[in-house]
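Examination of the molecular architecture
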Amino acid sequence: MGPAAPAHGAEPGTPAYRRLTLALFLAGFTTFSLLYSVQPLLPLFAQSFRVGAAASALSLSLATGLLAFAILCAGALSESMDRRRLMFGSMAAAAVLNLIASIAPNWQALLLARAIEGLVLGGVPAVAMAYLAEEIRATGLGRAMGQYVAGTAFGGMMGRVGVSLLSDAFGWRPALFLISLAGLLAAVGFWWLLPPSRHFVRRTGVTLTEHAQVWRAHLTHRSLPLLFAMGFLMMGTFVAVYNYAGFRLMGAPFSLSQSAIGLIFCAYLFGIVASATAGSLSDRFGRAPALMAGIGLAILGVMLSLSDRLPAVILGIVLLTIGFFVAHSVSSAWVGALGGRSKGHAASLYLLAYYLGSSLLGAIGGWFWDHRGWPALAGFALALLSLAALTAVLLRRRQAASP
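Residues numbered from 1 in each chain as written. Predicted model: local features only at pLDDT ≥ 70, side-chain atom pairs only at ≥ 80, totals over all residues. Heavy atoms only, no water.

Some words on empty space enclosed by the protein
Going through the model one piece at a time under the given rule, you end up with three cavities of 30 Å³ or more. Lining the largest cavity we find Phe32, Pro125, Met129, Tyr148, Val149, Thr152, His328, Ser332, Leu351, Tyr354 and Tyr355. Every element with two or more residues in the lining of the largest cavity is listed here: helix H7 (125-135), helix H8 (141-170), helix H15 (310-338) and helix H16 (343-401). Taken together, the residues of the lining of the largest cavity break down into eight nonpolar, three polar and no charged. (1 Å grid on protein atoms, 1.4 Å probe; cavity = no way out; pocket = protein on both sides within 12 Å on 5 of 7 lines; lining within 4 Å. Points joined across faces, edges and corners; volume = space filled by probe spheres on them. Helix = DSSP H or I, 4+ residues; strand = E, 2+ residues; numbered from the N terminus. Nonpolar A, V, L, I, M, F, W, Y, C, P; charged D, E, K, R; others polar.)

Quick look at the structure:
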């Protein structure tokens, strides 16, 4: 296996490092603002199109599910294609498809636009992780990955909060249109800022069999499959809670407006800080302790969400958000460090699991909400987090046993 990151990549504090990390921040912003812009609109979709809570979540689950498989292909293609062009094309096409979803005449057309959007977005996440791992000096990789994940947090927040506020003022269609336009502008900024790869070695003529061999090597690695499982469990928990929190907060005893619910998603601000901080701390103190701390915060957050007191519920959402972004930031950097020469393949497998967790576990959470309400959904989330904690323990043991 190759080194974790180039010995002579962009160094923290240099202009090249700042441009690179800002561009990848915009990539994270665009991906998550577009992908999750529909999440606060799920109750409005249920009313407008006369579908249930679990059915309304298809507007998100279809996109993330298809994104998961698109990432697998994009990770392989990125080994032989210009990564900058691939990321920009994916961001711009996704923004246009989200615009189309905002004017879709019926539920089926909206779902189709969102599904295709998930497919084209696959060119961003896996490629971004691989690009950072190749272009950043090893000593600054954790911090750079944390800043990229902070961009995803900022995009997730702006997508949710912005759409919530705009939908109360103008309706959900104009709200979705405007957030899509912001994503298109961010894609242009990304293209202008991101320098071409300096350490990428193009691999041409790679066959499907060779791709499969690389994926098999990653799947039989001592630690990588545990990191893939971590992404699946943490993202699934996070999306399951966020998908149906709006339904709960709109009903008794809270009875909040769409704007008020949207403002609660400002909890993502804590995720932005947590992502950048976790990356630096994991570089300094080790990844396993930071990962376990993130899971512990998420567990505490879900437990607090069971309260009927609004401040406790809000605090629970904040702690879950911090815990999730800490775990995701640490796991992302860890995958990059262990990916060797085929970082794009490793990143694609991690994100395949990550978005499958969003799609599958997020949708399953709807069954618990529809049939048994919030206590059942919280119990489902705690079960997933318990599995994540066990996975983190195994990772720590294997890390300790490694030379």
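Picking up where we left off.
As for unusual backbone geometry
A cis amide bond links Ala252 with the next residue in sequence, Pro253, at an omega value of 0°. The backbone phi angle of Arg50 is positive, close to 55°, even though this residue is not glycine. Considering the arrangement of structural elements, one finds Arg50 in the loop between helix H2 (42-49) and helix H3 (53-56). A positive phi angle, near 50°, is found at Ser255, a position not held by glycine.

Let's talk about the environment of Met234
Locating Met234 in the fold gives a position in helix H11 (residues 224-250). For Met234, a relative accessible area of 4% translates into the label buried. Sequence separation between Met234 and Phe324 is 90 residues, and the spatial gap between their C-alpha atoms is 6.3 Å. Other than its neighbours up to four places away in sequence, Met234 contacts Ile295, Ala298, Gly323, Phe324, Ala327, Leu385 and Ala388. (Buried < 20%, exposed > 50% of the residue type's maximum accessible area, 1.4 Å probe, protein only. Contact = heavy atoms within 4.5 Å.)

Overview of the nonpolar core
Counting 131 residues, the largest nonpolar core has Leu24, Phe45, Met234, Met235, Leu291 and Tyr355 as the members making the most contacts within it. If you tally residues by element for this core, the top one is H16, at 21 residues. With near-sequence residues (within four places) excluded, Met235 lies in contact with Phe32, Tyr36, Phe324, Tyr354, Tyr355 and Ser358. (Core = buried A, V, L, I, M, F, W, Y, C linked by side-chain atoms within 4.5 Å.)

Quick look at the packing of aromatic side chains
Applying the stated rule across the entire model yields 20 aromatic pairs. For the ring pair Phe324 and Phe325, a centre distance of 4.9 Å and an interplane angle of 70° mean the geometry is edge-to-face. Taken as a pair, Phe324 and Phe325 share a single burial class, namely buried. Where Phe324 meets Tyr354, the ring centres are 6.3 Å apart and the plane angle is 25°; that geometry is what we call stacked. (Phe/Tyr/Trp six-rings, centres within 6.5 Å; stacked < 30°, edge-to-face > 60°.)

Let's talk about the confidence of the model for the protein chain
Do not read the predicted coordinates in detail wherever pLDDT is low. Chain-level statistics for the protein chain give a pLDDT mean of 84 and a share of 89% at 70 or above. The low-confidence segment residues 1-7 (pLDDT under 50) makes 27 contacts with residues lying over four places distant or belonging to another chain. (pLDDT = per-residue confidence, 0-100.)

Describing helix H9 (residues 172-193)
Here H9 spans 32 Å end to end across 22 residues, near enough to the 32 Å set by a 1.5 Å rise per residue. Of all the positions in H9, only Trp172, Ala175, Leu176, Ile179, Ser180, Gly183, Ala186, Ala187, Gly189, Phe190 and Leu193 are classed as buried. Buried residues belonging to H9 abut helix H1 (15-35), H2, helix H5 (83-102), helix H6 (107-120) and H8. (Expected span 1.5 Å × (residues − 1).)

Remarks on the environment of Gly286
Topologically, Gly286 is positioned in the loop between helix H13 (268-285) and helix H14 (287-304). Linking Gly286 and Val330, residues 44 residues apart in sequence, is a C-alpha distance of 9.4 Å.

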